[in-house]
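# Understanding the architecture of this molecule
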Amino acid sequence: MITFLSGGTGTPKLLRGMQKVMDRHEISVIVNTAEDIWISGNRISPDVDTVMYLFAGILNTDTWWGIRNDTFTTHDEIMNLGVDEFIGIGDQDRAVHIARGEMLRSGMRLTNVTKFLCERYGVRENVLPMTDTEVTTQVKTELGPIHFQEYWVRARGKIAIQGVMRSFTEPPVATPEALEAIGASDAIVIGPSNPITSISPVLGCEGIKEAIQDKVVLAVSPFIGNEPVSGPAAALMRAAGFEPNSIGTFNCYGGLTDIFVQDIRDPVEVSHAVRFDTLMTDEDKSVALAREVLRLIEEA
């Protein structure tokens, strides 16, 4: 049994390989929900949906978000009507957001909503939101804090940021299901996702760090040199006070990791790290890295 901490696109690329080399019932994924947002009256859980769609076999792996071959008729018409829906939402994807929003408004926990949706899509893996309460990653700008989605999607990451913060009504607490998954696991894998906006929110949920302390924890760096493989991780690392590289990633995780994996091309040296090809540009490379990760865990 392995529990993965996931967000963004990096960890799902590793999960693409893991589902080929593991019994899918032995995979649990605790997913970042701090990038969730209400749009057009519906609830988007982008990181949850990426994992769910991947396991359902319908993810658009050209973009690593949304549903493959989706249409955008509703989004186009909403824009024509003058509504600034700054995230391009496909029609099938929107149906999931509508269903999630309705269930949340009826009083269902996000964990139960996610379980219901996964069952409808035939997902066999255990997909778990990190918490059931709303928590939001915001970035600090000279005009004030804005939602991470506003920064990355609307502004395309092209505005200067001074810091990263989490906002919530009540401090986020890990769900019982997430803690149970960790307790039943032989190892925890922190995938090559953005350390600041994808992984730190998960680690920041009450109970998570304590639960993984006695487990073998393997982390994969999302950096090659001073640039992430994808996304805005470099700017966010700097804003949070960390070097935008593998050393910064290692330090960001605060001594939680037992095994640290870097890319074979990474010029930055992290003491005692192991190196593999982490640039998962196709399924075969995802499978190859997944096999190496499993081997390291078995040897630990």
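The text that follows walks through the structure, step by step, so that each part is easy to find. (Residues numbered from 1 in each chain as written. Predicted model: local features only at pLDDT ≥ 70, side-chain atom pairs only at ≥ 80, totals over all residues. Heavy atoms only, no water.)

The 3 strands lie next to each other as S7-S6-S8, forming an open sheet whose pairing is antiparallel. Of all the strands in the sheet, the pair left with one neighbour each is strand S7 (144-147) and strand S8 (163-168). Neighbour-to-neighbour, the strand axes of this sheet turn through a mean angle of 40°, independent of strand direction. The sheet contact formed by strand S6 (residues 135-141) and S7 spans 4 bridges and is antiparallel. Its bridge partner being in S7, Lys140 is matched across the sheet by Pro145. Against the sheet, helix H8 (residues 195-203) contacts S6 and S8, and its axis sits at roughly 40° relative to S8. (Pairing = 2+ DSSP bridges. Helix = DSSP H or I, 4+ residues; strand = E, 2+ residues; numbered from the N terminus. Axes fitted to C-alpha atoms, helices over the stretch in contact; angles between N-to-C directions. Contact = heavy atoms within 4.5 Å.)

For the rest of this paragraph, the subject is the nonpolar core. Counting 41 residues, the largest nonpolar core has Phe4, Met18, Phe55 and Leu218 as the members making the most contacts within it. In contact with Leu218, other than residues within four places in its own chain, are Ile188, Val189, Ile190, Ile259, Val261, Val293, Leu296 and Ile297. Of all hydrophobic cores here, the second largest spans 34 residues; its members include Val135, Phe148, Ile182 and Ile190. (Core = buried A, V, L, I, M, F, W, Y, C linked by side-chain atoms within 4.5 Å. Buried < 20%, exposed > 50% of the residue type's maximum accessible area, 1.4 Å probe, protein only.)

Moving on to the pattern of salt bridges. For the structure on display, the rule yields 15 salt bridges. Here Arg24 and Glu125 are joined by a salt bridge, their closest N and O atoms 2.3 Å apart. Note that Arg24 is positioned in the loop between helix H1 (10-21) and strand S2 (27-31) and Glu125 in the loop between helix H5 (110-120) and strand S5 (126-129), a separation of 101 residues in sequence. With respect to class, Arg24 is no different from Glu125; both count as buried. Salt bridges here are not isolated pairs; linked through shared partners, they connect Asp263, Arg265, Asp277 and Lys285. (Salt bridge = Lys/Arg side-chain N within 4 Å of Asp/Glu carboxyl O.)

Let us look at the sheet that holds strand S13 (residues 259-263). For sheets, the rule is that strands pair by backbone hydrogen bonds, running either parallel or antiparallel. Taken together, 7 strands build an open sheet; the order of strands is S5-S2-S1-S9-S10-S13-S14 and the sheet is parallel. One side of each edge strand has no neighbouring strand; the edge strands of this open sheet are S5 and strand S14 (274-276). Averaged over neighbouring strand pairs, the angle between their axes works out to 25° when direction is ignored. Pairing of S2 with S5 involves 4 bridges; the strand directions are parallel. Bridging from a neighbouring strand, Val29 pairs with Val127 of S5.

For the rest of this paragraph, the subject is the packing of helix H2 (residues 46-56) against helix H4 (residues 91-105). Look at H2 against H4: their axes get within 12 Å of each other, and the N-to-C directions meet at 120°. Considered as vectors, H2 and H4 are oriented oblique to each other. Seen from above, H2 lies across H4 with right-handed handedness. Across the interface between the two elements, Val48, Asp49, Met52 and Tyr53 from H2 touch Asp93, Val96, His97 and Arg100 from H4. (Parallel < 35°, antiparallel > 145°, perpendicular 65-115°, else oblique. Left-handed = near helix turned anticlockwise from the far one by under 90°.)

Now for the side chain of Asp263. Along the chain, Asp263 turns up in strand S13. Polar contacts involving the side chain of Asp263 include one to the main-chain amide nitrogen of Thr278, which spans 2.8 Å. Setting aside residues up to four positions removed in sequence, Asp263 forms contacts with Ile224, Arg275, Phe276, Asp277, Thr278 and Leu279. (Polar contact = N/O pair within 3.5 Å; in protein donor to acceptor, adjacent residues only side chain to side chain.)

Of note in this structure, Ser40 is not a glycine but carries a positive phi near 55°. With respect to the helices and strands, Ser40 occurs in the loop between strand S3 (37-39) and strand S4 (42-44). A residue is classified by how much of its surface remains accessible, and Ser40, at 40% relative accessible area, is partly exposed.

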